[in-house]
Amino acid sequence: HATNTSTRNAGRRAAQDVLDACGIVVAELTTQCLPFLLIRALCGGRPTDVKRAFAMRDSLTVLDFDDEESIAMTKELLLRCSVSASFLRSNEGRKFLSHVMLVDVEMMKEVYACVKAQIPNASSAELGWYGDVMFRAWRTSSGADLLTLESWVFGDLLDCAVLTADVKVAAKALQVLDAALHKHKLASSGIGKAVDETLHRLYEPVVFGSATAANASVRLNACRVMVSSFPLRVLDDADADAQILQQQLHAMAKLMADGCPQVRAEACRGCARVLEKFWELLPARVVGVLVGRIADDLSADAASPLVRSAALEGLKVLLGQPLAHAVLGRAIGSVGVALGDASRGVRRACVDLVVAARQIRGMPDIVTEVQLLESLATDPDEHVRRKVGELLRTQLLRPDKLSDLLRRQPGAAVELLRGIGFDAARELLLDEVGEDVVVKVDETVEAWLRKDQPLAQPLSC
């Protein structure tokens, strides 16, 4: 029995010696093979090279990231991979980079520093790829890696998205957060719940305070983050969940009354997107108040045409929500005056809203035919005249209507005919009436076009 025991112990020691030797060999092979594969993937950029590097991802655990002298070259190559288009555009490449972020806490920080430096000049596709890498790393992380990722990476991105003075850079940081967290809020699996918990933990201390900051750029950025992450949830406490929802809606309403026109315009657009997406989840009383604020107050904002056009754009967005049609039908009747606004942007937004509303059955007319004819005859903007002409064409391009229009408002009639082409209009009329009537129409049009005055009188600015 003693002999058998000693034999087994000797066998275990021999097996351990073999495993140790294999570990040394694997480590040596990794330190030689991995840099070679990374260099090929970076220089060649072929998908097959990226896939080979991805196949070596588990070997990263045998590297000693504390030994700066031995790991320096490999670390530099990994950092270059973190911002390489060859890795970012490939699904396997993004999986590999997410694995790199979790190999070592300090490595995670250095990878994020490289990514952060690229954000100001990155394209929308690249920003989405960066966010996807971070999401993959977050989804599989735990312990110290998870805490570092949330506080160091997501926390810093949130600060960039809210506190950065450059609004464009802040918007790009927000795009990364959209891809990393916000777009996964509604995931059906447990991921959606985990995202909600993370957003509530990170965002509540920052967003609401920033929405009332003294700096207008910070308030603008906070508004964008609030809309993009809406709704923040407290999943385990119904009362706290209802309270934070009310807090978000109150903050949006307050931002729509902000003293800065840019903030009011952004809050108006954002509120419309929130209402369109979450209409059935919001209290009816609050919904009515917010829609009334957009349709009655902001669409007639005397201080800024930017706010007026944003309100009209927001109402057009709301038309995409069928549940909102009954409320909108009662609210948008007063916005038709915007068709005669001095600002071209407001007139364009108004005519686009009119076109969208005409396509919805049961929606009342926003503007009258008289307003449309006046705009067709006098508006200096070609986009507005073309859209108005399309609205009037079906109801006025008939012989009796056209003859009356030529007598009353020849300018509007000529613009209507110009919209479909004079030759095409002539052929259309020949099918309905005799050539004598068409000749009279031609004479009226030519007489108008020979006038010294321009066809479309410019509006005062």
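Source: prediction; values computed, not measured. (Residues numbered from 1 in each chain as written. Predicted model: local features only at pLDDT ≥ 70, side-chain atom pairs only at ≥ 80, totals over all residues. Heavy atoms only, no water.)

Enquirer: How should a negative patch on the surface be read in this particular structure?
Expert: On the surface, Asp64, Asp66, Asp67 and Glu69 cluster together into a patch of negative charge. Examined against the element boundaries, Asp64 turns out to sit in the loop between α2 (47–55) and α3 (68–81). (Patch = residues over 30% accessible without salt bridge, like charges linked within 9 Å, V, L, I, M, F, W, Y side chains within 5 Å. Areas by Shrake-Rupley, 256 points an atom, 1.4 Å probe, with all protein chains shown as cover. Salt bridge = Lys/Arg side-chain N within 4 Å of Asp/Glu carboxyl O. Lys, Arg positive; Asp, Glu negative; His and termini not counted. Charge placed at Lys NZ, Arg CZ, Asp CG, Glu CD. Helix = DSSP H or I, 4+ residues; strand = E, 2+ residues; numbered from the N terminus.)

Enquirer: What exactly am I supposed to notice about the packing of helix α8 (residues 143–163) against helix α10 (residues 190–210) here?
Expert: How two helices sit against one another is set out by the angle between their axes and by the gap between those axes. Across the interface, α8 lies against α10 with an axial gap of 11 Å and an inter-helix angle of 30 degrees. Viewed along their axes, α8 and α10 adopt a mutual orientation that is roughly parallel. For α8 against α10, the interelement crossing comes out right-handed. Of the residues in α10, those in contact with Glu150, Phe154, Leu158, Val162 and Leu163 of α8 are Thr198, Arg201, Leu202, Tyr203, Val206 and Ser210. Per-class residue counts for the contact of α8 with α10 are seven nonpolar, two polar and two charged. (Axes fitted to C-alpha atoms, helices over the stretch in contact; angles between N-to-C directions. Parallel < 35°, antiparallel > 145°, perpendicular 65-115°, else oblique. Left-handed = near helix turned anticlockwise from the far one by under 90°. Contact = heavy atoms within 4.5 Å. Nonpolar A, V, L, I, M, F, W, Y, C, P; charged D, E, K, R; others polar.)

Enquirer: What am I meant to see in the environment of Leu220 here?
Expert: As for its position among the elements, Leu220 is in helix α11 (residues 216–228). Taking the C-alpha atoms as reference points, Leu220 and Val167, separated by 53 residues in sequence, lie 8.2 Å from one another.

Enquirer: I tried to follow the packing of aromatic side chains on my own but got confused; where do I start?
Expert: Aromatic ring pairs: the centre-centre distance and the angle between the two ring planes describe each pair. For the structure shown, the criterion picks out three aromatic pairs. For the pair Phe135 and Trp138, a centre-to-centre distance of 6.1 Å together with 35 degrees between the ring planes defines the contact as tilted. A residue pair is termed a helical-turn pair when its members lie 3 or 4 positions apart in one helix, as Phe135 and Trp138 do in helix α7 (residues 124–140) at three residues. The burial state of Phe135 is the same as that of Trp138; both residues are buried. Looking at Arg57, its charged tip hangs above the ring of Phe54, at a distance of 4.0 Å from the centre. Over the ring of Trp152 we find Lys109, and its NZ or CZ is 4.2 Å from the ring centre. (Phe/Tyr/Trp six-rings, centres within 6.5 Å; stacked < 30°, edge-to-face > 60°. Buried < 20%, exposed > 50% of the residue type's maximum accessible area, 1.4 Å probe, protein only. Lys NZ or Arg CZ within 6 Å of the ring centre and 35° of its normal.)

Enquirer: What's the story with the side chain of Ser229 in this structure? I'm lost.
Expert: Mapped onto the fold, Ser229 is located in the loop between α11 and α12 (238–255). Setting aside anything within four residues of it in sequence, one finds Ser229 in contact with His182, Lys185 and Tyr203.

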